[in-house]
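Per-entry structural report
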Amino acid sequence: QKEVEQDPGPLSVPEGAIVSLNCTYSNSAFQYFMWYRQYSRKGPELLMYTYSSGNKEDGRFTAQVDKSSKYISLFIRDSQPSDSATYLCAMSGWTSGTYKYIFGTGTRLKVLA
Amino acid sequence: SAVISQKPSRDICQRGTSLTIQCQVDSQVTMMFWYRQQPGQSLTLIATANQGSEATYESGFVIDKFPISRPNLTFSTLTVSNMSPEDSSIYLCSVEPKGDYGYTFGSGTRLTVV
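Everything in this summary refers to the structure shown in the same document. Since the structure is predicted, the reported quantities are computational estimates derived from the model, not experimental observations.

Among the nonpolar cores identified, the biggest contains 26 residues, and Trp 34, Ile 46, Phe 66, Ile 68, Leu 78, Tyr 91 and Leu 111 of chain B are the most heavily contacted of them. Those elements giving two or more residues to this core turn out to be strand S3 (19–25), strand S4 (31–37), strand S5 (44–50), strand S8 (75–80), strand S9 (89–95) and strand S11 (109–113) of chain B. Looking at this core element by element, the count peaks at four residues for S3 of chain B. Setting aside residues no more than four positions away along its own chain, Leu 111 of chain B makes contact with Asp 11, Cys 13, Leu 19, Val 80, Met 83, Asp 87, Ser 88, Ser 89 and Tyr 91 of chain B. If you look at the next biggest cluster of nonpolar residues, it comprises 24 residues, including Leu 21, Met 48, Phe 61 and Leu 74 of chain A.

The residue Gln 37 of chain B is located in strand S4 in this model. Overall, the relative accessible area of 11% leaves Gln 37 of chain B in the buried class. Looking at Gln 37 of chain B, its side chain comes within polar contact range of the side chain of Gln 38 of chain A, at 2.9 Å.

Residues and elements named next belong to chain B. A sheet is described by the order of its strands in space; here four strands give the open sequence S1-S3-S8-S7, paired in antiparallel fashion. Among the strands making up the open sheet, the edge pair consists of strand S1 (4–7) and strand S7 (68–72). Neighbour-to-neighbour, the strand axes of the sheet open up by a mean angle of 15°, direction not taken into account. Of the pairings in the sheet, the one linking S1 to S3 comprises four bridges and is antiparallel in character. Bridge pairing in S3 links Lys 7 to Gln 22.

A few words on the state of the cysteines. Residues and elements named next belong to chain A. On inspection of all chains with the given rule, the structure shows two disulfides over all chains. In this model Cys 23 forms its disulfide with Cys 89; the gap between the sulfur atoms is 2.0 Å. Because the sign of the S-S torsion sets the handedness, a value of about -100° for the bond joining Cys 23 and Cys 89 places this disulfide among the left-handed ones. With Cys 23 in strand S3 (residues 19–25) and Cys 89 in strand S9 (residues 85–95), the pair connects residues that are 66 residues apart, well separated along the chain. Given a relative accessible area of 1%, Cys 23 falls into the buried group.

Criteria and cut-off values
Residues numbered from 1 in each chain as written. Chains lettered and ligands numbered in written order. Predicted model: local features only at pLDDT ≥ 70, side-chain atom pairs only at ≥ 80, totals over all residues. Heavy atoms only, no water. Core = buried A, V, L, I, M, F, W, Y, C linked by side-chain atoms within 4.5 Å. Buried < 20%, exposed > 50% of the residue type's maximum accessible area, 1.4 Å probe, protein only. Helix = DSSP H or I, 4+ residues; strand = E, 2+ residues; numbered from the N terminus. Contact = heavy atoms within 4.5 Å. Polar contact = N/O pair within 3.5 Å; in protein donor to acceptor, adjacent residues only side chain to side chain. Pairing = 2+ DSSP bridges. Axes fitted to C-alpha atoms, helices over the stretch in contact; angles between N-to-C directions. Disulfide = S-S within 2.5 Å.

Structure, rendered in structure tokens:
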């Protein structure tokens, strides 16, 4: 079983739609959960991070973490064509004495004008 | 956050040759990281480069294949040696998080080996 699973997409939605992006993970030691956005031919950039369970909102973006289900989500409200990118989840924590910071494979999102 | 300049942005190389990728940061950082991003796969850490010491390689990556230099606190290079088509990938350099748990990445080097 992979430590983190992320649907690769692609996911196509019309402009204005609410987008839901998700990751599942297997290691309960992870404490920090991040979402990165990667535009074509660019490196990933951090969108948001969350510590432990709960929600965090930043403008049109909301990150949710459910540690009991080992499930994290990123919601994008009122999606725009400029949101078209690949979204990578990431998570970190200490496990068996080793610090781990791992990424999902990314979900390609296309928002259609 | 730090700004990273990475070059070349892309290259097409013959098998058996080597390519050196450069990474310049606009501020001094202790740790720099080199990642590989292959289609359909997650970002994979190749090695961590500290100034003044040998790089630390992750399982599956060896110094002979991916030698790294870190001559100062703002610069690092990664060389992909004796390339084969399996080395075709995007290579990214990165610097350590600064309190927000987010790595800062360069734009990447898209390498194609033919």
